[in-house]
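Observations on the three-dimensional arrangement
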Amino acid sequence: MEYTVGSIAPIFLAPVLAFIINAFFGRKLPRQGDWLATLSIFISFIFSARIFSDFVFGKFATDFYVHKTFTWFDLSHASAVWKVDMGIYLDNMAAIMLLMVSGIAFLIHLFSTWYMDHDEKHGRFFVFLPLFTSAMLGMVLSDNLFSLFIFWEIMGFCSYSLIGIYNKKEKAGDASLKAFMTTRVGDVFLLLGIVALWMVLGSVTYVDIYAAIAEGKFAGQTVMGISFATFTALCIFLGAMGKSAQFPLHVWLPDAMMGPTPGSALIHAATMVTAGVWVTLRMYPLMVLGDITWFIAVIGAITAFGAATIATVQTDIKAVLAYSTLSQLGYMIMGVGVGSYNAAFMHVITHAVFKACLFLSAGSIIHTVHEQEMPKLGGLRKYMPYTHFAMMACTLAIAGIPFFSGFVSKDRILGDALYFGFMAGQNPMLAIVPILGFAGAGLTAFYMFRMMFLTFYGENRMHHDSHGHGHGHKDAHGHESHGHEIHQEHLDVRQNVPLLLLSIFTLGFWFAGTLTGQSFGKVFGKKVEWFKVLVEAPRVEQFVGHNRQPWGSVDSRDKTELPHAHYHHQSGYAGPNPDDHKIHKAHTIGAIASIIIAFSGVFLAFLMYIQHTVKPWADTFSGITTTLQNKYYFDKFYIDVLIKKGLLGLNRGLAWFDMGVYDRFAVDGWAAVNRVLFTASRWFDNVVIDAIGVDGTGVAVNLFNLVLRIVQSGKIQFYFIMLIMVLVSYIWTLKF
Amino acid sequence: MMGLASYLLISLILFVAGLVVMIARKNIVAILLGIELILNASALNFVAYSRYVTNNLDGHIFSLFIIVVAAAEAAVGLAIVIRFFQIKETVHVDEATQLRN
């Protein structure tokens with residue numbers, strides 16, 4: 001198989017082109033160019049699918065990669081190397097990710113053409129959507145942290161624009177600002193980490209960083225007293241925390257649902273939030289070297305559990321989904337932290353599929369019934385059978401029910417977490433990671449089925465109390481909610497087909513080869529477990545002395561089939577102290593535990609919301625409920641304490657310094673100094689230059705004039721007399 | 001007895017007369033006349049010395065030159081006086097103050 005730039009670049013360039021055309025000429029195009037955006041993503045999808053099929057069916061080796069670079073600029077001088085390369089880095093992981101992003105983005109575009117129809121922001125929406133997708137695709141393709149950062153920021157800008165697309169709503173504007181500012185906190189650290197890597201290694205290309213790790217270039221380097229590897233790993237992970245909405249920086253993601261629902265689907269599923277996980281996966285060797293994997297695992301576990309608890313009390317469909325995204329992102333990050341590299345990446349993919357589907361389903365509901373508060377919905381199963389089917393499949397997947405994709409990936413993460421927390425000989429405190437992980441899994445099953453039961457089952461409550469209290473809620477279109485007549489759903493290509501297509505891929509065997517991902521009911525051979533075989537943490541030794549391919553080259557390396565023994569072990573576990581036998585045991589225990597936990601969560605939801613035999617615990621534990629409804633007071637804490645007390649106080653201090661010290665002494669003092677100087681120079685000017693120099697000259701000439709004026713009388717006869725006197729005196733002197 | 005001294009005496013009288021006229025009179029024309037007298041006194045001196053001392057024609061030629069110069073000077077001078085009179089309607093020399101200051 002052969003790769004030229006021409007067979008890779010269109011993945012990124014087609015949506016960029018669509019963005020440019022839609023941005024400048026979108027208004028003039030029929031349907032404001034939404035078909036163009038969708039088509040461009042479809043082109044990306046075709047190219048991605050070709051690469052995917054090459055990588056997945058063509059070679060079963062983890063170490064194959066295509067790396068093409070060109071020099072962006074070269075400021076090298078003598079021995080100092082100042083050279084920035086840009087390029088494409090394609091490996092198995094990128095191939096899978098490209099297919100996922102372009103495929104899901106295509107379906108989201110298709111759905112959006114239905115959802116955003118006749119919306120005032122239709123054209124604007126289809127300007128940012130392809131740009132967003134192209135930035136994500138570019139980020140996946142990029143071979144260095146620097147271009148990754150560029151695409152990272154473009155995504156940040158696009159999410160800002162998409163969240164705040166209804167810019168007449170104040171809440172949307174606030175949410176977009178919040179998203180932008182919160183991720184900015186992480187981005188500062190990411191940039192710091194990139195710059196630090198650049199300063200020490202002279203390159204931020206992945207393969208150079210891997211090679212530097214293998215060659216031990218990080219050894220002995222310290223920054224501010226801590227090891228350089230730890231510093232850069234921590235900085236990059238903090239950037240990932242901002243983008244992937246991890247625990248202290250998670251506050252922006254739930255607010256990000258202020259945008260149109262398909263935009264949320266794109267932000268929550270295919271792009272943006274997975275970017276943080278992506279960079280953590282790419283920099284996994286650095287995280288291991290910096291010894292911060294335990295920190296990553298703890299942050300992930302806290303996010304996974306905390307967000308799940310908040311999701312149990314939300315009443316807005318989109319809010320439940322937003323918190324479930326947070327929770328699932330927590331699982332991905334936790335997976336990276338516990339060394340479950342392969343499963344964490346698989347969870348990125350499986351989560352993207354079912355979360356995109358869930359958000360699109362929610363969009364389908366909201367657009368049909370113009371209501372997104374779950375207490376006012378209910379019984380929609382009759383009216384929206386297709387949406388119900390898709391959403392149910394995704395809910396089963398996210399809840400971790402066997403045979404569905406969420407089970408496969410999440411269960412592997414939990415199994416590795418179990419091993420990491422209890423058996424890998426780690427600090428016993430780290431047992432918190434699997435405990436929080438399993439608790440979160442149970443809660444996930446509970447709140448997702450709570451959402452399903454409240455939305456699709458039971459009585460329809462829309463006509464009863466939609467005119468009652470809580471009237472002020474608005475749906476994504478800004479309409480006041482009314483008791484609309486619900487129309488029976490018909491199969492619509494743009495509305496339902498994306499949902500149904502996505503729901504097909506919630507089945508586990510697409511990813512695992514086996515239906516469950518565990519030894520139960522394994523139906524295919526090992527070879528078919530392509531995901532385990534193809535995705536592996538980068539083996540850094542492989543990159544020492546790697547050779548890059550120039551930009552214009554045709555890459556036609558043969559596939560390199562590695563013996564199976566070369567893979568670490570079958571679990572894909574890359575964390576500390578691997579022991580195949582114990583890992584296997586941990587996975588078996590984890591699988592059984594997670595199945596029990598998931599079903600008990602579903603059963604509890606069933607009892608509460610279908611049978612009504614168990615009263616919801618909201619009243620029983622009202623204190624906890626209030627805490628959860630206030631999202632653990634994080635927003636309050638950030639605004640009241642950090643911003644109002646801390647930042648505003650700091651600002652006031654700085655303002656005092658600026659006004660009192662800087663203005664008073666430096667600026668005003670400088671003015672006083674200038675005033676003295678000005679007085680002195682005025683005196684010099686007036687006295688020395690004007691009085692002595694200029695006027696003095698005139699006076700001197702005048703004085704001289706006084707003499708001359710006597711002689712130059714203008715009387716000719718006076719001249720005669722003087723002439724004769726001169727003559728006489730001359731003769732007089734001659735005589736003597 | 002007609003010697004050199006008598007010529008010089010007449011020349012002296014002419015010169016002093018011209019000088020007095022030049023200084024004392026306020027009429028521009030009179031001043032020009034005074035100048036003519038002085039020129040003639042010097043021309044007479046040239047001729048007298050040429051006849052009695054060197055005994056050649058150098059002095060004669062000089063005096064001829066002086067006559068030519070005097071004629072030219074009188075022509076230019078009178079022209080200036082006429083213009084002056086046209087502007088000022090007087091020939092009083094103290095009125096010629098335009099170059100002053």
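Residues numbered from 1 in each chain as written. Chains lettered and ligands numbered in written order. Predicted model: local features only at pLDDT ≥ 70, side-chain atom pairs only at ≥ 80, totals over all residues.

Observations concerning the overall build of chain B
Definition in use: By the criteria applied, helices consist of DSSP H or I runs no shorter than four residues and strands consist of E runs no shorter than two, each listed in order from the N terminus. Atoms counted for the radius of gyration: C-alpha only. Globule rule: 2.2 Å times the number of residues to the power 0.38. Contacts here follow a simple rule: the backbone-placed C-beta atoms of the two residues must lie within 7 Å.
Summing up its helical and strand segments, chain B has 3 helices and 0 strands in all. Scaling as 2.2 N^0.38, a compact globule of 101 residues should have a C-alpha radius of gyration of about 13 Å, whereas chain B reaches 17 Å, well beyond that. Once the C-alpha set of chain B is aligned to its principal axes, its extents read approximately 50 × 25 × 25 Å. A separation threshold of at least 6 residues defines the contact pool for chain B, and within that pool the share at least 24 residues apart is 49%.

Here we look at the overall build of chain A
For clarity, the cut-off: Exposed residues have 12 or fewer other C-beta atoms within 10 Å of their own C-beta, buried residues have 20 or more, and residues in between are partly exposed; the C-beta atoms are placed from the backbone.
Along chain A, the regular secondary structure elements total 26 helices and 5 strands. Per-residue burial over chain A gives 50% buried out of 736 residues. Long-range contacts, defined as pairs at least 24 residues apart, comprise 80% of the intrachain contacts of chain A with a sequence gap of at least 6.

Points about the interface of chain B and chain A
In plain terms, the rule: Just so you know the grouping, Ala, Val, Leu, Ile, Met, Phe, Trp, Tyr, Cys and Pro go in nonpolar, Asp, Glu, Lys and Arg go in charged, and all remaining residues, Gly too, go in polar.
Facing 9 residues of chain B, the contacting portion of chain A comprises 7 residues. Residue classes in the side of chain B that touches chain A are distributed as 6 nonpolar, 1 polar and 2 charged.

Let's talk about unusual backbone geometry
Residue and element names in this part refer to chain A. Residues other than glycine seldom take positive phi values, yet M272 does so here, at roughly 60°. Inspection of the secondary structure assignment puts M272 in the loop between α10 (261–270) and α11 (273–282). The phi dihedral of F403 falls on the positive side, at around 80°, and the residue is not glycine. With respect to the helices and strands, the residue F403 is situated in the loop between α16 (385–399) and α17 (405–423).

Some thoughts on the packing of helix α3 (residues 92–115) of chain A against helix α20 (residues 497–504) of chain A
Residue and element names in this part refer to chain A. Cut-off, in case you're wondering: Helix axes use the C-alpha atoms of the stretch in contact, all axes being lines fitted to C-alpha atoms, and the angles between their N-to-C directions lie in the range 0 to 180 degrees. When an angle is under 35 degrees it counts as roughly parallel; over 145 it counts as roughly antiparallel; between 65 and 115 it counts as roughly perpendicular; any other value is oblique. Definitions for this section: a left-handed crossing has its near helix turned counterclockwise from the far helix by less than a right angle. A right-handed crossing has that turn clockwise.
The interhelical angle for the contact between α3 and α20, taken along N-to-C directions, is 155°, at an axis separation of 9 Å. Relative to α20, α3 is oriented roughly antiparallel. Handedness of the α3/α20 crossing: left-handed. Contacts from L107, L110 and F111 in α3 reach P498, L501 and L502 in α20.

A closer look at the confidence of the model for chain B
Basically, it comes down to this: The pLDDT score gives, residue by residue, the confidence of the prediction method on a 0 to 100 scale.
The pLDDT averaged across chain B works out to 89; a share of 96% of its residues lies at or above 70. The ipTM assigned to the predicted complex is 0.81, against a pTM of 0.74.

A look at the domain arrangement of chain A
What counts is decided by this rule: An automatic or database domain assignment is the source of the domain bounds shown.
Segmentation of chain A into domains returns domain 1 (1–289 + 540–558), domain 2 (292–462 + 505–538 + 579–616) and domain 3 (638–735). Taking only C-alpha atoms, the centre of domain 1 of chain A and the centre of domain 3 of chain A are 65 Å apart.

With respect to the confidence of the model for chain A
All names here are of chain A. Averaged over every residue, the pLDDT of chain A is 82; residues scoring 70 or more account for 89%. Note on residues 514–527: pLDDT is under 50 here. Beyond four places in sequence and across chains, it has 26 contacts. Under a pLDDT of 50 for its full length, residues 562–569 has, in the predicted model, 8 contacts with residues more than four places off or in other chains.

Digging into the sheet that holds strand β1 (residues 65–74) of chain A
All names here are of chain A. For clarity, the cut-off: Pairing between strands is defined by DSSP: at least two bridges between them are needed.
Reading across the sheet, the 3 strands line up as β2-β1-β5 and stay open at both edges, with mixed pairing between neighbours. Two strands close off the open sheet at either side, each with one partner strand: β2 (83–91) and β5 (549–550). Where β1 lies against β2, 9 bridges are found, and the strand directions are antiparallel. By the bridge assignment, K68 is partnered in β2 with I88.

Remarks on the packing of helix α26 (residues 716–735) of chain A against helix α1 (residues 4–24) of chain B
Two elements in contact, α26(A) and α1(B), have axes whose closest approach is 8 Å; the angle formed by their N-to-C orientations is 140°. Classified by the angle their axes make, α26(A) and α1(B) are oblique. Of the residues in α1(B), those touching α26(A) at A:Q717, A:F720, A:I721 and A:I724 are B:L19, B:M22 and B:I23. In the contact of α26(A) with α1(B), the residues fall into 6 nonpolar, 1 polar and no charged.

A look at the nonpolar core
Keep this limit in mind: Joining buried Ala, Val, Leu, Ile, Met, Phe, Trp, Tyr and Cys residues through C-beta atoms within 7 Å gives a set, and that set is a nonpolar core.
Core analysis: the largest hydrophobic core is formed by 222 residues, its most contacted members being A:L98, A:I104 and A:A356. In this structure, B:L37, B:A43, B:L44 and B:A48 belong to the second largest nonpolar core, which totals 7 residues.

Things to note about the pairing of β1(A)
Where β1(A) meets β5(A), 2 bridges bridge the pair, whose relative direction is parallel. Across the sheet, A:K68 pairs through a bridge with A:Q549, a residue of β5(A).

Some thoughts on α20(A)
All names here are of chain A. Test applied: Working note: the arc is built from the helix axis to C-beta atom directions.
For α20, the set of buried residues is P498, L499, L502 and S503. Taken around the axis of α20, the buried residues stretch over an arc of 130°, which confines them to a single face. On the buried face of α20, the contacting elements are α3, α15 (341–369) and α16.

Brief notes about the environment of A:L321
Residue and element names in this part refer to chain A. Tracing the sequence through the fold places L321 in helix α14 (residues 317–337). Take L321: there are 28 C-beta atoms within 10 Å of it, and that puts it in the buried class. Separated by 229 residues in the primary sequence, L321 and P550 place their C-alpha atoms 44 Å from one another.

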